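Below, each chain spelled out in residue letters.
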Amino acid sequence: MAKGSVRKKGKKWYYRFYVEDASGNLVQKECVGTESKSETEKLLRQAMDDYEKKKFVAKAENLTVGQLLDVWAEEELKTGTLSNGTVENYLGTIRNIKKHPLAERKLKNVTSEHLQSFFDLLSFGGVHPDGKERKGYSKDYIHSFSAVMQQSFRFAVFPKQYITFNPMQYIKLRYQTDEVDLFSDEDMDGNVQPISREDYERLLAYLQKKEPSRNTSNPDSLLCRASYWRSLRFGMAGRKSGRTMPYHKTQHPI
């Protein structure tokens, strides 16, 4: 008969008992219960009875990625110290991962190439298994997937020993980048005119009047000087390349 016990962590009770793994060693299985000790003890008895009847053995040969995620969620995620919001976020991520064919693949057959292809699909978008084409997800959203997969595969290596190495350690998260041409003539308004030297002098004089004292400079005045002379240098670079660098004429209440 399996041995078990209950313990309280925070407001909830947890139950745990020992099962035999594929090597014949006893390993502890812990699951979240309820806020009631008696109800949690009842769940413990039901779990141990189920184990005795089915003689469940945690074998890695037939374990899939989806099943690994379920085991990790029950034994580590829900019993850990993460906030409730983070736990719910990760559980939602697990549900999304299980919609992908990767979740049906046997854990022992998963390679870094399979995982890299999965994360590239999340990053760059493409045709998903349901036949719909979707754009890539945001970095924060992808980080949730990465955290779940990293921790669950680490869990599979140790303490579970389902696999001997973690293929997630070779994964690189790649993101889409937007290329910008500073000197591109596209999307430019032909009526845009550069600020004149006279307007610059008037604006500078106005800002200098607002300087708090003789010993300190108004940051707006400094910014105006730096921006103007920097824009002239960019304009010269643009003329050398056969292009012009337009600047908006700004109206100020002088």
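Since the structure is predicted, the reported quantities are computational estimates derived from the model, not experimental observations.

1. Description of the packing of helix α2 (residues 65-77) against helix α5 (residues 139-157)
The relative placement of two packed helices is expressed as an angle between their axes plus a distance between the axes. Where α2 meets α5, the closest approach of the two axes is 10 Å, and the angle between their N-to-C directions is 85°. With respect to α5, the element α2 is oriented roughly perpendicular. Here Val65, Leu68, Leu69, Val71, Trp72, Glu75 and Glu76 of α2 come into contact with α5, specifically with Val148, Met149, Gln151, Ser152, Phe153, Arg154, Phe155 and Ala156. Here the residues of the contact of α2 with α5 are counted per class, giving ten nonpolar, two polar and three charged.

2. Details of the nonpolar core
Judged by nonpolar contacts, the single largest core of 32 residues is most densely connected at Phe119, Met149 and Phe153. Of all the secondary structure elements, the ones that give two or more residues to this core are α2, α3 (84-97), α4 (112-124) and α5. Among the elements that line this core, the one with the most residues is α5, at eight residues. Formed by ten residues, the second largest nonpolar core is a distinct cluster that contains Val6, Val19, Leu44 and Ala47.

3. Side note on the pattern of salt bridges
Using the criterion set out here, one finds eight salt bridges in the structure. Across the salt bridge formed by Glu75 and Lys29, the nearest N and O atoms sit 3.4 Å from each other. You can see Glu75 sitting in helix α2 and its partner Lys29 sitting in strand β3 (residues 26-32), a full 46 residues away along the chain. Residue classification places Glu75 among the buried residues on the basis of a relative accessible area of 13%. Exposure remark for Lys29: the relative accessible area of 22% places this residue in the partly exposed category. With a shortest N-O distance of 2.4 Å, Arg154 and Glu76 are connected by a salt bridge. Of the two residues, Arg154 sits in helix α5 while Glu76 sits in helix α2, which places them 78 residues apart along the sequence. Taken together, the salt bridges that share partners define one network made up of Lys29, Glu75 and Lys160.

Calculation criteria
Residues numbered from 1 in each chain as written. Predicted model: local features only at pLDDT ≥ 70, side-chain atom pairs only at ≥ 80, totals over all residues. Heavy atoms only, no water. Axes fitted to C-alpha atoms, helices over the stretch in contact; angles between N-to-C directions. Helix = DSSP H or I, 4+ residues; strand = E, 2+ residues; numbered from the N terminus. Parallel < 35°, antiparallel > 145°, perpendicular 65-115°, else oblique. Contact = heavy atoms within 4.5 Å. Nonpolar A, V, L, I, M, F, W, Y, C, P; charged D, E, K, R; others polar. Core = buried A, V, L, I, M, F, W, Y, C linked by side-chain atoms within 4.5 Å. Buried < 20%, exposed > 50% of the residue type's maximum accessible area, 1.4 Å probe, protein only. Salt bridge = Lys/Arg side-chain N within 4 Å of Asp/Glu carboxyl O.

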